[in-house]
Amino acid sequence: MASFNSIDPQLKAYLLRQRLPDIFEALFVGLTTSRPDDPNEFIKSCLREYQTGKNFDLLWDSFVPEKDRPAIRVFKRTFIEKFFSLKDLAELVSIIQYTY
């Protein structure tokens, strides 16, 4: 699998400019922590909150309820770098489970 550093420079610039790695990380951490019954609605709700939030500081745990926030950050490097370096989704799930 490709690494984040080896993808097309224009695609990488787009991903970073739009903050997509940060958004995906926050959504993924929120989903795996909260485990909502309706993940699609959860994602829509989070994106609405982000889109309409004034001075919304997007952090890796932005979509995790305060009481459920992990003490440590799930990933040491950026989410997208980790995502592109995974062999399969099972590895990502095991990283999240280890955190909790």
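Model, not experiment: these values are computed from the prediction.

Draft legend 1. Just the overall build of the protein chain, in detail. Along the protein chain, the regular secondary structure elements total five helices and zero strands. Counting from the amino terminus, helix and strand elements in the protein chain follow one another as α-α-α-α-α. Scored against the burial criterion, the 100 residues of the protein chain give a buried share of 32%. The contacts of the protein chain with a sequence gap of at least 6 include a subset with a gap of at least 24, amounting to 51%.

Draft legend 2. Geometry of the confidence of the model for the protein chain. For the protein chain, mean pLDDT is 77; residues scoring 70 or higher make up 66% of the total. Ranking the helices and strands of the protein chain by mean pLDDT puts helix α3 (residues 39–52) first, with 93, and helix α5 (residues 89–99) last, with 58.

Draft legend 3. Representation of the nonpolar core within the structure. In terms of nonpolar packing, the biggest core is built from seven residues, these being Ile-23, Ala-26, Leu-27, Phe-42, Cys-46, Leu-58 and Phe-63. Elements with a minimum of two residues in this core: α2 (20–34) and α3. If you tally residues by element for this core, the top one is α2, at three residues. Excluding residues that lie within four positions of it along the chain, Ile-23 makes contacts with Gln-18, Leu-47, Tyr-50 and Leu-58.

Draft legend 4. Fine view of the pattern of salt bridges. Under the defined criterion, the tally for this structure stands at six salt bridges. Between Asp-22 and Arg-19 there is a salt bridge, with the nearest N and O atoms lying 3.1 Å from each other. Look at Asp-22 and you get partly exposed, because its relative accessible area is 30%. Of the residues examined, Arg-19 reaches a relative accessible area of 29% and is grouped as partly exposed. Notably, a salt bridge pairs Lys-67 with Asp-68, separated by 3.1 Å at the nearest N-O pair. Assessed through its relative accessible area of 73%, Lys-67 is described here as exposed. One connected set of salt bridges, linked through shared partners, spans Glu-41, Lys-44 and Arg-48.

What counts and what doesn't
Residues numbered from 1 in each chain as written. Predicted model: local features only at pLDDT ≥ 70, side-chain atom pairs only at ≥ 80, totals over all residues. Heavy atoms only, no water. Helix = DSSP H or I, 4+ residues; strand = E, 2+ residues; numbered from the N terminus. Buried < 20%, exposed > 50% of the residue type's maximum accessible area, 1.4 Å probe, protein only. Contact = heavy atoms within 4.5 Å. pLDDT = per-residue confidence, 0-100. Core = buried A, V, L, I, M, F, W, Y, C linked by side-chain atoms within 4.5 Å. Salt bridge = Lys/Arg side-chain N within 4 Å of Asp/Glu carboxyl O.

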